[in-house]
Amino acid sequence: TYISIGLGAGTVITHAGLYQLWYKDYPTQRFTWINDNHGWLQMDKIGHGFSAFSIAHVSTSIYRSTGLNQQHSALYGTLWALGFQTPIEIFDGFSAGWGASSGDLIANTGGALLSGLQHFYLDDAPVLLRWRYGSSPYPAMRPGTLGSNPRERWLKDYNGQSYWLSYHIRKRDDARWPAWLGIAAGYSANGMLGSMENRWTDAGGQVQDYTHVQRYRQWFIGPDIRFSRIRTRSAVLRKVFLLLDVYRLPLPVAELSQGRLRLRPLMF
């Protein structure tokens, strides 16, 4: 009960913060659907899936730590993820600056189920969705859309984000391979100043044309570390390690982008 109350309170507080950050400057409208599946080179759709997965994964693990059985923990964690994400689509639908997206709903459901099905049928989740953020030069060109301060940029600037599908091969009790070591494939995109194109009309009616800035996709592969697979007797460290499951650490990667393959010793 206390876990559910805490998660509910966190959901309300987070939604209040998101409303202030995203919606307060836009008037309301009749509930509207939009098709934005081609926007931001699909970075926002992957972001929706990641968010739902992470909420489901962490909340499931918290429920499990209280002694709740495997299947019920997975069910409650999945429902919490969908309960957190769905109101955001309702906000979007009633906001004149946005609109509800069926693509977002599909991504939310897919991310939550990727966690839920693993936790329901397996003792652990060998597959994770992870996130990384590093600063990019593009918010300086369009701060109103990409963020005018660091707190906004990590959420709004898709150019600085990357998302990773991480697979950890061995179980905790398999001594032939470190349980914390795995492999991850990542995706990101760069050069994006707008959802569909790098040309827009600003608040003063002036056309801003940055079409010379190339929009392109990036693909990565490299080793991955999962701290929650490291054994520790510390309850505090176990909680910290669980939260680190959502974050991709700076590690060596191979990157394929713009028709070139290159090695990056550390990807920040």
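See the structure above.
Scoring rules and cut-offs
- Residues numbered from 1 in each chain as written.
- Predicted model: local features only at pLDDT ≥ 70, side-chain atom pairs only at ≥ 80, totals over all residues.
- Heavy atoms only, no water.
- Helix = DSSP H or I, 4+ residues; strand = E, 2+ residues; numbered from the N terminus.
- Phe/Tyr/Trp six-rings, centres within 6.5 Å; stacked < 30°, edge-to-face > 60°.
- Axes fitted to C-alpha atoms, helices over the stretch in contact; angles between N-to-C directions.
- Parallel < 35°, antiparallel > 145°, perpendicular 65-115°, else oblique.
- Contact = heavy atoms within 4.5 Å.
- Nonpolar A, V, L, I, M, F, W, Y, C, P; charged D, E, K, R; others polar.
- Expected span 1.5 Å × (residues − 1).
- Buried < 20%, exposed > 50% of the residue type's maximum accessible area, 1.4 Å probe, protein only.
- Polar contact = N/O pair within 3.5 Å; in protein donor to acceptor, adjacent residues only side chain to side chain.

A. View of the environment of Tyr-26. The topology assignment puts Tyr-26 in the loop between helix 1 (2-23) and strand 1 (33-34). Spatially, the C-alpha atom of Tyr-26 lies 5.9 Å from that of Ala-96, the residues being 70 residues apart in sequence.

B. Just the packing of aromatic side chains, in detail. What the rule picks out here adds up to 13 aromatic pairs. Their ring planes at 75 degrees and their centres at 5.9 Å tell us that Trp-131 and Trp-154 sit as a pair that is edge-to-face. Taken together, the residues Trp-131 in strand 3 (residues 127-133) and Trp-154 in helix 6 (residues 150-156) connect sequence positions 23 residues apart. Ring-pair connections join several aromatic residues into one group, and the members of that group are Trp-131, Tyr-133, Trp-154 and Tyr-247.

C. Here's a closer look at the packing of helix 3 (residues 70-94) against helix 4 (residues 102-121). One way to put it is that helix 3 packs onto helix 4 with a least axis distance of 8 Å and a crossing angle of 170 degrees. By the angle between their axes, helix 3 is roughly antiparallel relative to helix 4. Residues Gln-70, Gln-71, Ala-74, Thr-78, Ala-81, Leu-82, Gln-85, Glu-89 and Asp-92 of helix 3 lie in contact with helix 4, whose contacting residues are Asp-104, Leu-105, Asn-108, Thr-109, Ala-112, Gly-116, His-119, Phe-120 and Tyr-121. Per-class residue counts for the contact of helix 3 with helix 4 are seven nonpolar, eight polar and three charged.

D. The arrangement of helix 4 in detail. Taking 1.5 Å as the rise per residue, helix 4 with 20 residues should run 28 Å; its terminal C-alpha atoms sit 28 Å apart, in good agreement. Buried within helix 4 are the following residues: Gly-103, Asp-104, Ala-107, Asn-108, Gly-111, Ala-112, Ser-115, Gly-116, Gln-118 and His-119. Buried positions along helix 4 lie against helix 2 (43-65), helix 3, strand 2 (100-101) and strand 3. If you check the start of helix 4, you find a side-chain oxygen 3.2 Å away from the backbone N of Gly-103, and it comes from Ser-101.

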